[in-house]
Amino acid sequence: MEEEQTKRRFPRLRNALCTASFLVAAVAVVFASPLSSSMQNLQSQGRGLLSALGLRRAISSGLAHEEVLNTSRQLEKLPIEQQPVEIFKWVNATFKPTASGPSWVQFTSFGPQGLVITDMLREQGLLDHTRVVSIDTHYLFPETYALIEDATKHFGIEDKLRIYKSKEGSRAMFEKAYGEKLWKVDLKLFEFLTKVEPTRRALEDLGVKAWITGRRKSQGGARRDIPLVEIDGSDGRIKINPLANWDMESVWKYIKERRLPYNSLHDDGFQSIGDVFTTERTKDGESEREGRWRQFQGKTECGMHLSNDSGSYRDLVRRSERVKKGYLWDFEASKRALSLGISLVSSEKFEEVVWNCTEDVFIDIYAPWCPHCQSLDPDFNELAKTVKERGINLKLARMDGWQNKIPESISDKFHITGFPSLFLVLKGSAQ
């Protein structure tokens, strides 16, 4: 019925669509399902992360597993306030510098714990024996960037600080490669690209054998049972948690007494601070990290501190390559579309541009990484030329349907089970 209605209303459109060889008559056409079938986890039996990726073998800490356990047990017997000082002495005596520089480093996001640790290292005169490493995900709060600048000056670590980012190097280049909303549709891949991979690259680049973190047991989740000293299951390096037995009150007492700089967002209801879109104010009665990833049920870690088997790591590498290839294609495809008068639609603009439009709209909802969508693109562009040349009153549009969803209020009008999906939306549909 819809096809006959379209033919009666648009005799010239019928010819144009036939000329373009893909008349779909206002029903969705489905060719491919999103990233699932070919993106199954690949398991690797008994092989290390780096060797599975074809990289050089991970640096050995030189410590046996039992030795690490015994060290942690002995340190646990000390008074809690004394533990960090003794841990720093141990790590500096155990991990000697190499030709490439210090073999132990502090990793920090410049949160409260990280600030305390940096100050303690300064007080013990150990900042000259280490480096301070931080990961910039491209999506930190402005207040966080301001703190990094202030804290760098406060501690005098301008020549010690190493900031690692995604391989793309900037938010603009990252979004060109992976889209603006990757975190919404594939948080695991997003955090792999912006946190896990830069962390692993930093450890490898700097020849790190041991790294210090600011994790605490009282933060809960995957952290509730962390030891003072442990072996990282991903690569065999030593991971040190000097404040593991401290509580939040002790951390803030130290910061206030030492008059350390801290993130101003902490005075505005934020207890744990990460990326702008996964961080919210903590509600009364909630633990300090419950404001993180609130929309992602059960998630408590970004992946930097979780062991990755070689199979899952390799799967994420492959998935990232596929997505990146797709979005680099889409960057050029979108420019071609605009030059032909095809509207680019997002979730925020869908109702205005498509649903409430005063003219008929033919929209291609696609996924940039989908090969079928890429194959359809030349025909869709040819249709745009035909519509313009013949003066057909029809608006053409395209939307990345993987990262942009149809508004919930009208989502029942569009049944999308895969990509590409094509819809002819007749004017007045909203009424």
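As the structure is a prediction and not an experimental result, all values here were calculated from the model.

## Examining the overall build of the protein
When its secondary structure is counted, the protein shows 14 helices and 10 strands. Within the protein, the fraction of its 431 residues that count as buried is 55%. As presented, the protein carries roughly 20100 Å² of accessible surface, and 49% of it is formed by carbon and sulfur atoms.

## Describing the environment of Leu 228
Here Leu 228 is to be found in the loop between β4 (210-212) and β5 (229-231). Taking the C-alpha atoms as reference, Leu 228 lies 5.7 Å from Pro 242; in sequence the two are 14 residues apart. Not counting residues up to four positions away in its chain, the partners in contact with Leu 228 are Ser 72, Leu 75, Glu 76, Gln 83, Ile 87, Lys 239, Ile 240, Asn 241, Pro 242, Ala 244 and Asn 245.

## Observations concerning the pattern of salt bridges
What the rule picks out here adds up to 29 salt bridges. As a salt-bridge pair, Lys 349 and Glu 352 come within 3.5 Å of each other at their nearest N and O atoms. Taking relative accessible area as the criterion, Glu 352 reaches 54% and is therefore assigned exposed. In this structure, a network of salt bridges that share partners links the residues Arg 200, Glu 204, Asp 232, Asp 235, Arg 237 and Lys 239.

## Remarks on the packing of helix α6 (residues 112-123) against helix α7 (residues 142-155)
Interhelical geometry of α6 versus α7 gives an angle of 15° and a closest axis separation of 11 Å. The angle between α6 and α7 falls in the class roughly parallel. Relative to α7, α6 is oriented so that their crossing is right-handed. Mapping the contact onto sequence places Leu 115, Thr 118, Asp 119 and Arg 122 in α6 and Leu 147, Ala 151, His 154 and Phe 155 in α7. Grouping the amino acids of the contact of α6 with α7 by side-chain chemistry returns 4 nonpolar, 2 polar and 2 charged.

## As for the packing of helix α4 (residues 65-76) against helix α5 (residues 83-94)
Relative orientation of the contacting elements α4 and α5 amounts to 150°, with a least axis distance of 10 Å. Relative to α5, α4 is oriented so that their crossing is right-handed. Taken together, the residues of α5 that come into contact with α4 (itself represented by Thr 71, Leu 75 and Glu 76) are Gln 83, Glu 86, Ile 87 and Trp 90.

## Focus on the sheet that holds strand β6 (residues 238-240)
In spatial order, the strands read β3-β2-β1-β4-β6-β5; together these 6 strands make up an open sheet with mixed pairing. In this open sheet, the two strands that pair with only one neighbour each are β3 (161-164) and β5. Strand after strand, the sheet turns through a mean of 30° between neighbouring axes, direction not considered. The pairing of β4 with β6 spans 3 bridges and is parallel. Among the inter-strand pairings, Ile 212 is bridged to a residue of β6, identified as Ile 240. Sheet contacts for α4: β5 and β6; angle to β5, the most-contacted strand, approximately 160°.

## Observations regarding α6
The first and last C-alpha atoms of α6 sit 17 Å apart over 12 residues, in line with the 16 Å expected at 1.5 Å per residue. Among the 12 residues of α6, 10 are classified as buried, and the element is accordingly described as predominantly covered. Restricting attention to buried positions, one finds in α6 the residues Pro 112, Gln 113, Gly 114, Leu 115, Val 116, Ile 117, Thr 118, Asp 119, Met 120 and Leu 121. Residues of α6 that are buried make contact with α5, β1 (104-107), α7, β4 and α11 (248-258). Looking one or two places after α6, you find Gly 125, whose phi comes out positive at around 70°.

## A short note on the sheet that holds strand β7 (residues 343-345)
Strand pairing in a sheet takes place through backbone hydrogen bonds and is either antiparallel or parallel in direction. Spatial strand order, β7-β9-β8-β10: 4 strands in an open sheet with mixed pairing. Edge strands, defined here as strands with exactly one partner in the open sheet, are β7 and β10 (421-425). Strand-to-strand, the axes of this sheet are offset by a mean angle of 25°, without reference to chain direction. As paired elements, β7 and strand β9 (residues 395-400) share 3 bridges and run parallel to each other. Counterpart to Ser 343 in the pairing with β9 is Ala 397. Running over the sheet, helix α14 (residues 371-389) touches β8 (361-366), β9 and β10 and is turned about 160° from β9.

## Focus: the confidence of the model for the protein
Detailed reading of the predicted coordinates is not advisable wherever pLDDT falls low. In this model, the protein carries a mean pLDDT of 84, and residues with pLDDT of at least 70 account for 80%. Below a pLDDT of 50 lies the segment residues 1-59, which in the model reaches 118 contacts outside its immediate sequence neighbourhood of four places, other chains included.

## Concerning the side chain of Arg 237
If you trace the backbone, Arg 237 turns up in the loop between β5 and β6. You can call Arg 237 buried: its relative accessible area is 1%. Side chain to side chain, Arg 237 and Glu 204 meet in a polar contact 3.3 Å long.

What counts, and at which threshold
Residues numbered from 1 in each chain as written. Predicted model: local features only at pLDDT ≥ 70, side-chain atom pairs only at ≥ 80, totals over all residues. Heavy atoms only, no water. Helix = DSSP H or I, 4+ residues; strand = E, 2+ residues; numbered from the N terminus. Buried < 20%, exposed > 50% of the residue type's maximum accessible area, 1.4 Å probe, protein only. Areas by Shrake-Rupley, 256 points an atom, 1.4 Å probe, with all protein chains shown as cover. Contact = heavy atoms within 4.5 Å. Salt bridge = Lys/Arg side-chain N within 4 Å of Asp/Glu carboxyl O. Axes fitted to C-alpha atoms, helices over the stretch in contact; angles between N-to-C directions. Parallel < 35°, antiparallel > 145°, perpendicular 65-115°, else oblique. Left-handed = near helix turned anticlockwise from the far one by under 90°. Nonpolar A, V, L, I, M, F, W, Y, C, P; charged D, E, K, R; others polar. Pairing = 2+ DSSP bridges. Expected span 1.5 Å × (residues − 1). pLDDT = per-residue confidence, 0-100. Polar contact = N/O pair within 3.5 Å; in protein donor to acceptor, adjacent residues only side chain to side chain.

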